[in-house]
Amino acid sequence: MAIHENLLGGPPPTHLPDDPEPRELLASGAAPSEVAAKYPASSLAWAQLADEAFEAGRVVESYAYARTGYHRGLDALRRSGWKGHGPVPFEHEPNRGFLRALHALARAAQSIGEEEEYERCSTFLRESSPTAADTLS
């Protein structure tokens, strides 16, 4: 038996491929809007835009950025074999952009009173990665 085998019989964890360029640009201080324009598939850039907009009180803008990052992340997860459920570990750094966008979407949905979307996204985040749910909240 493999040491990392899932004994509960669920799907294996999904690990997105590494895309270091957007992450390195953001870490070096590049504007998230420039990174998102150059790398529109980067959930991390969209999540960072969502965080900045939220912190500035632009909640609807934050919601739109987060939704874009969330959908770009779903696309990437599907390309990586994800079947709509199962672990998306926060510990795997390339997964963090998607998880941050999902968290930002839940936060913005709650702020505009979209309770059903908030609950759906919060549950999805916790089911995907309890670590992300605890870390990002």
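This text goes with the structure placed above it.
Let me begin by describing the structure that accompanies this report.

So, how was this worked out
Residues numbered from 1 in each chain as written. Predicted model: local features only at pLDDT ≥ 70, side-chain atom pairs only at ≥ 80, totals over all residues. Heavy atoms only, no water. Helix = DSSP H or I, 4+ residues; strand = E, 2+ residues; numbered from the N terminus. Rg over C-alpha atoms; globule rule 2.2 N^0.38 Å. Buried < 20%, exposed > 50% of the residue type's maximum accessible area, 1.4 Å probe, protein only. Contact = heavy atoms within 4.5 Å. Areas by Shrake-Rupley, 256 points an atom, 1.4 Å probe, with all protein chains shown as cover. Lys, Arg positive; Asp, Glu negative; His and termini not counted. Charge placed at Lys NZ, Arg CZ, Asp CG, Glu CD. Salt bridge = Lys/Arg side-chain N within 4 Å of Asp/Glu carboxyl O. Phe/Tyr/Trp six-rings, centres within 6.5 Å; stacked < 30°, edge-to-face > 60°.

### Details of the overall build of the protein
The secondary structure content of the protein amounts to 7 helices and 0 strands. Reading the helices (α) and strands (β) of the protein from amino to carboxyl end gives α-α-α-α-α-α-α. Against the 2.2 N^0.38 benchmark of 14 Å for 137 residues, the protein shows a C-alpha radius of gyration of 15 Å, consistent with a compact globule. Counting the 137 residues in the protein, one finds 40% classified as buried. For the protein, the share of sequence-separated contacts (at least 6 apart) that also reach a separation of at least 24 residues comes to 62%. Just so you have it, the protein exposes about 7600 Å², and 54% of that area is on carbon and sulfur atoms. With 13 positive and 20 negative side-chain charges, the protein shows a separation of 4 Å between the mean positions of the two kinds.

### Quick notes on the pattern of salt bridges
What the rule picks out here adds up to 9 salt bridges. Arginine 23 is the salt-bridge partner of aspartate 18, the closest N and O atoms lying 2.7 Å from each other. Judged by relative accessible area, which is 48%, aspartate 18 ranks as partly exposed. Between glutamate 93 and arginine 23 there is a salt bridge, with the nearest N and O atoms lying 3.4 Å from each other.

### A word on the packing of aromatic side chains
Scanning all chains against the criterion turns up 5 aromatic pairs. Ring geometry for tryptophan 46 versus tyrosine 65: centroids 6.0 Å apart, planes at 35 degrees, classification tilted. Of this pair, tryptophan 46 sits in helix α3 (residues 43-55) while tyrosine 65 sits in helix α4 (residues 59-79); the two residues are 19 residues apart in sequence, bridging distant segments of the chain. Ring centres of tyrosine 70 and phenylalanine 98 lie 6.1 Å apart, and the angle between their planes is 25 degrees; this geometry places the pair in the stacked category. Taken together, the residues tyrosine 70 in helix α4 and phenylalanine 98 in helix α5 (residues 96-111) connect sequence positions 28 residues apart.

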